[in-house]
Amino acid sequence: MTERKEDQTRSRLEKLQRIKDLGINPYPTRYQRSHSTQEAVTIFREKGDNPDELPQIRVAGRITAMRIMGKASFMDIRDGSGRIQVYFKKDTLGEEKYGLLHDFDIGDFLGVEGTLFKTRTEEITIQVSGFTFLSKALQPLPEKWHGLTDVEKRYRQRYLDLISNEEVRQIFRMRSQVISSMRRFLDGQGFMEVETPVLQSIAAGALAKPFATHHHALDRDLYLRIATELHLKRLIVGGFEKVYEIGRVFRNEGISIKHNPEFTTLECYQAYADYKDVMDLTEQMISSIAKEVLGTTQVTSGETTIDFAPPWPRIPLRDIIRDKSGIDFEEFPGAASLEAKIRQTGIPVDAGLSWAKLVDHLLSQKVEPDLIQPTFLTDYPVELSPLAKRKPEDEQLTERFEAFCGGMEIANAFSELNDPLDQRDRFEEQEKMRAEFGDEEVERTDNDFLTALEHGMPPTGGLGIGIDRLVMLLTGQHSIREVILFPQLRSQE
RNA sequence: GGGCCGGUAGCUCAGGGGUAGAGCACCGGACUUUUAAUCCGGGUGUCGAGGGUUCGAAACCCUCCCGGCUCACCA
């Protein structure tokens, strides 16, 4: 509310005062409902033919429309289940109570009791015999025809978006269902859900810039986690054989239609499994979620239909990059030669990137946009995968896959590197690359994690899934902001 | 960070040098089965902010703020 009271607010404040003056508490503590609006409608559908069997109804909700005609009025009441029309009649309520209607506004909360009937236009309605004021709204709601479309306002005042737009409510219901379905699936497979620290003295486990903060009592800089990976593997070392965490991670990077600085990942780790087992798990989990939430494994958005039914194609990274770009990166083992080849092929590329970054560039430029159906790309070069175990038959490749869908990466997984000596070498390699290429987005050596590995970790398959992107795919949304309730915008007051 | 587009009433939007506009919302009145209720009356505003040009700026110029898309960035 602004300091200069808006006209509409002033009028609502006057009504609030009148309600108070009548000795009515405009913000009471509770209301005993007998039914949801949806249940009330259903009851009438089932028993409407025998009015004697209809119960007294008490529902509560927000007034979303008012149609006032002198001595009789209709209002729409909405609760979490739906809406119902209620009917106020001066004859029934008496002059005094009926007069109170003048102090109601759209947006107020109201509890009503009465009996169900059908109007002559066939709408199931509650004939109100009594009502209780439950909450006064001082601000007007968005307009009823066009609703709220201003994107900035939709995100900054998401509650208005949720009030105005049923599709938006549906998306976030689905997001919640996706996550609970994921939990059900993993719990059913014998995984145990755990929580690991968000505040860390070293942000490792992924290649990303962390957010920095400071702990005053310890006088120590801390970082917000960029992944849950290394702590979950410590738990595998500790003897838990199947663990997962669904949690927020933070990356201090650009904001885009596919990136939010804080986003939600699932990571799960399974002892004695390898990346092929994890591919099976991934297909099964995502298709199972789609079936539970959507009732089908297929999602149509625009002209494309994505089908999550397993099995998903499994294609070695080298093959698909060669097919899509004409470049076989194994023929260009150095950064300089690969960069020259990429340039020669006519693909724009920044100068001075590491070999691993160049391969990644080819992947994101020439391959990723075409991967619409769920697809596993496998066998990533070791330079690109500092936490993944080498393939026994080819030491330059790792037992790793990424899953792509809708032109986005949605999952990353590998046979976890459990050789502490190799892991230390890989961290050092990354540090060297950071020094050489001025690349901040590389793994930072986590000595505490290395110590854990030195105590012995069983062979382990690990998986990370971007839940926001998965929800985007399942709900057909093209912007990550449409699946995050309060996305990061440029500035907050 | 670059490019393009945008910011006008509570909401959705029109207006592009000459009195600030429409619909919904809101306020007053009428109306006992309405449902985008209807009918009569009322415009409620720092035209994103600041500076400049001009007799006159919401409009034109400059700077900034905010947002969207896009490029860069982003395992």
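All of these numbers come straight from a predicted model, not from anything done at the bench. (Residues numbered from 1 in each chain as written. Chains lettered and ligands numbered in written order. Predicted model: local features only at pLDDT ≥ 70, side-chain atom pairs only at ≥ 80, totals over all residues. Heavy atoms only, no water.)

Undergrad: Help me understand the confidence of the model for chain A in this model?
TA: Taken over all residues, the pLDDT of chain A has a mean of 90, while the share at 70 or more is 97%. Contacts for the low-pLDDT stretch residues 1-5, under 50 throughout, to residues beyond four places or in other chains number 5 contacts. As scored by the predictor, the complex reaches a pTM of 0.91 and an ipTM of 0.85. (pLDDT = per-residue confidence, 0-100. Contact = heavy atoms within 4.5 Å.)

Undergrad: Sorry if this is basic, but what is going on with unusual backbone geometry here?
TA: Most peptide bonds adopt trans geometry, and most residues besides glycine take a negative phi value. Going from Pro310 to Pro311, the amide bond is cis rather than trans, its omega being 0°. Structurally, Pro311 can be placed in the loop between strand E13 (304-307) and strand E14 (314-316). Even without a glycine there, the phi angle at Asp219 is positive, about 45°. Residue position: Asp219 is located in the loop between strand E8 (212-215) and strand E9 (220-224). Positive phi values are uncommon outside glycine, yet Tyr272 reaches one of about 70°. Looking at the element boundaries, Tyr272 is found in the loop between strand E11 (262-271) and helix H9 (275-294). The exposure class of Tyr272 is exposed, given its relative accessible area of 55%. (Helix = DSSP H or I, 4+ residues; strand = E, 2+ residues; numbered from the N terminus. Buried < 20%, exposed > 50% of the residue type's maximum accessible area, 1.4 Å probe, protein only.)

Undergrad: Looking at this structure, how should I read empty space enclosed by the protein?
TA: Empty space among the atoms becomes apparent when a probe as large as a water molecule is rolled across them. Tallying each qualifying case throughout the model produces 1 cavity of 30 Å³ or more. Approximately 40 Å³ is the volume attributed to the largest cavity. In terms of lining, the largest cavity is formed by Gln200, Ile202, Ala204, Ala227, Thr228, Glu229, Leu230, His231, Arg234 and Asp446. Per-element tally for the lining of the largest cavity: the top contributor is helix H8 (residues 229-237), with 4 residues. A per-class count over the lining of the largest cavity returns 4 nonpolar, 3 polar and 3 charged. (1 Å grid on protein atoms, 1.4 Å probe; cavity = no way out; pocket = protein on both sides within 12 Å on 5 of 7 lines; lining within 4 Å. Points joined across faces, edges and corners; volume = space filled by probe spheres on them. Nonpolar A, V, L, I, M, F, W, Y, C, P; charged D, E, K, R; others polar.)

Undergrad: Please explain the pattern of salt bridges as it appears in this structure.
TA: Working definition: two side chains of opposite charge can pair if their charged atoms are close together. According to the stated counting rule, one finds 41 salt bridges in the structure shown. Between Arg184 and Glu292 there is a salt bridge whose closest N-O contact spans 2.4 Å. Placement of the pair is Arg184 in helix H7 (residues 166-188) and Glu292 in helix H9, with a sequence separation of 108 residues. Here Arg184 falls in the partly exposed class, since its relative accessible area comes to 46%. Each of the salt bridges in this network shares a partner with another, and the network as a whole consists of Arg318, Asp319, Arg322, Asp328 and Glu330. (Salt bridge = Lys/Arg side-chain N within 4 Å of Asp/Glu carboxyl O.)

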